[in-house]
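Structure assessment
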Amino acid sequence: MATGCVTGERRKRKRGRAGAAWPPPPAMPSPRSIRDRRAGSSSSSRLEFLSLVSQRSPAAPDSPSRRKESGGSAAAPLPEEDCMKLNPSFLGIAFSSLLAIDLWASKRLGVCAGEGSAWGSARPLMKVIEVSGHGIPWLLGTVYGLCQSDSSAAREVLLNLLFALLLDLVLVAVVKGLVKRRRPTHNKMDMFVTISVDKYSFPSGHATRAALVCRFVLHHLVLAVPLRVLMVLWALIVGISRVMLGRHNVTDVLFGLLLGYALYSVVEYCWLSPLSAPALFALWSH
């Protein structure tokens, strides 16, 4: 019996030591403590969210409403040149399109620009036509006619023709110097007797002179109908040859023909006569 009691007491002591070593079971939280924890965590998360928003707000893109509000005060107006580039006018678009068509057509029609071109074999003939419309042969021929003429009426016509040729040279040189349009890239600079302004192409001096001389001759010389037709054809062929040789663009020739036609009206308005310019007629009469 004594041994049984001892063993029982030992078992109770072991159980007591084991129970003291184990951790006690956790206590169940109350509903109030749970609500306090949730409120604290929500408030801390809101503070973190607000801090993130405040850090990102300077670099965040503006909304459309903010752009509308600050657009009138903060946005600077575009310069006038930039506005013109962004919104080209109708005239600018039309001019650019016309220039592109002009360059394209001139290159296609320059069939005699070189020996290896499509019509390269006709280049010598085109150069003869080029010389026929040059200013030097016409000036020399007019001066020779004045020196050899015995008629006062013929001297009056030839003197006004000389005045028209000189006026044509000056006007074409001035316009070329102002516009400064380069000759076509496929042109060969082997022209007959050139000066400094002849590196520019607008307007065509040959076309201007051909139209001026054609209208002058048709008004002041009595010619048969076939000769009058040949005179008009000569003026047109001179203009066409300038494009075929690659000397000029199409618009250079067209403007030259119009300028020469209008220049004759100026010559008629300033017509020189023995009454208006007696010194000149006295000079050539001797």
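This one's a predicted model, so the numbers in the text were calculated from it and none came from an experiment.

Brief notes about the packing of aromatic side chains
- Summed over the entire model, instances satisfying the criterion amount to four aromatic pairs.
- Seen from their ring centres, Phe216 and Tyr264 are 6.1 Å apart, and the 85° between their planes marks the pair as edge-to-face. Of the two residues, Phe216 sits in helix H9 (residues 205-220) while Tyr264 sits in helix H11 (residues 250-269), which places them 48 residues apart along the sequence.
- By relative accessible area, which is 2% here, Phe216 ends up buried.
- Residue classification places Tyr264 among the buried positions, given a relative accessible area of 2%.
- An aromatic cluster is present here, built from Phe216, Tyr264 and Trp271 joined pairwise through their rings.
- In this structure, Arg215 packs its charged tip against the face of Tyr261, placed 4.0 Å from the ring centre.

A word on the pattern of salt bridges
- Evaluation of the coordinates by the stated rule reveals eleven salt bridges.
- Put simply, Arg181 and Asp102 hold a salt bridge, and the shortest N to O gap is 2.8 Å. Placement of the pair is Arg181 in the loop between helix H8 (152-179) and H9 and Asp102 in helix H5 (residues 90-109), with a sequence separation of 79 residues.
- Residue class for Arg181 comes out buried when judged on its relative accessible area of 17%.

Looking at the environment of Ala235
- Note that Ala235 resides in helix H10 (residues 225-244).
- The class for Ala235 is buried, based on a relative accessible area of 6%.
- For Ala235 and Gly133, which are 102 residues apart along the polypeptide, the C-alpha to C-alpha distance reads 8.3 Å.
- When neighbours within four sequence positions are excluded, Ala235 is seen to be in contact with Ala210, Cys214 and Leu257.

Points about the nonpolar core
- Cys112, Met126, Val213, Met231 and Trp234 are the most contacted members of the largest nonpolar core, which totals 30 residues.
- When contributions to this core are tallied by element, the ones reaching two or more residues are helix H6 (123-132), helix H7 (135-148), H8, H9, H10 and H11.
- In this view, Met126 contacts Cys112, Ser241, Met244 and Leu245; residues no more than four positions away in its chain are not counted.

With respect to the environment of Leu99
- Tracing the backbone through its elements, the reader meets Leu99 in helix H5.
- On the basis of relative accessible area, Leu99 is assigned to the partly exposed category, the value being 34%.
- Sequence-wise, Leu99 and Asn249 are 150 residues apart; in three dimensions their C-alpha atoms are separated by 9.8 Å.

Re unusual backbone geometry
- Following Phe202, the chain continues into Pro203 via a peptide bond in cis, with omega recorded as -5°.
- As for its placement among the helices and strands, Pro203 is situated in the loop between H8 and H9.
- In this model, Lys180 sits at a positive phi of 55°, which is unusual for a non-glycine residue.
- Relative to the assigned elements, Lys180 resides in the loop between H8 and H9.
- Here Lys180 falls in the exposed class, since its relative accessible area comes to 52%.

Side note on H11
- Between its terminal C-alpha atoms H11 stretches 30 Å, which fits the 28 Å expected from 20 residues at 1.5 Å a residue.
- The complete set of buried residues in H11 reads Asp252, Val253, Gly256, Leu259, Gly260, Leu263, Tyr264 and Val267. Viewed end-on, H11 has its buried residues packed into an arc of 155°, placing them on one side of the element. Exposed residues lying more than 90 degrees from the buried face of H11 are Leu258 and Tyr269.
- Looking at the buried positions of H11, the neighbouring elements they touch are H8, H9 and H10.

Basis of the calculations
Counting restarts for each chain: residues are numbered from 1 in the order of the written sequence. The predicted origin of the model limits local features to residues at a pLDDT of at least 70 and limits the giving and counting of side-chain atom pairs to 80 or more, whereas totals for whole chains, interfaces and linings rest on all residues. Side-chain measures here rest on the full set of heavy atoms in the structure, leaving out hydrogens and waters. Working definition: a ring pair exists when centres of Phe, Tyr or Trp rings (six-membered ring for Trp) sit within 6.5 Å. Plane angles under 30 degrees give stacked, over 60 give edge-to-face, the rest tilted. Under the scheme used here, helices are H or I runs from DSSP no shorter than 4 residues and strands are E runs no shorter than 2 residues, and both carry numbers assigned from the N terminus. Burial classes follow relative accessibility: with a 1.4 Å probe on protein chains only, a residue under 20% of its type's maximum area counts as buried, one over 50% as exposed, and anything between as partly exposed. Each ring is checked for a lysine NZ or an arginine CZ that lies within 6 Å of its centre and within 35 degrees of its normal; such an atom marks a charge sitting over the ring. Salt bridges are counted wherever a side-chain nitrogen of Lys or Arg sits within 4 Å of a carboxyl oxygen of Asp or Glu. Contacts are assigned to residue pairs that have any heavy atoms within 4.5 Å of one another. Only buried residues count toward a nonpolar core, which is a set of Ala, Val, Leu, Ile, Met, Phe, Trp, Tyr and Cys residues joined through side-chain atoms within 4.5 Å. Expected helix span is taken as 1.5 Å per residue step, with the number of steps being one fewer than the number of residues. Here the arc refers to the directions that run from the helix axis out to each C-beta atom.

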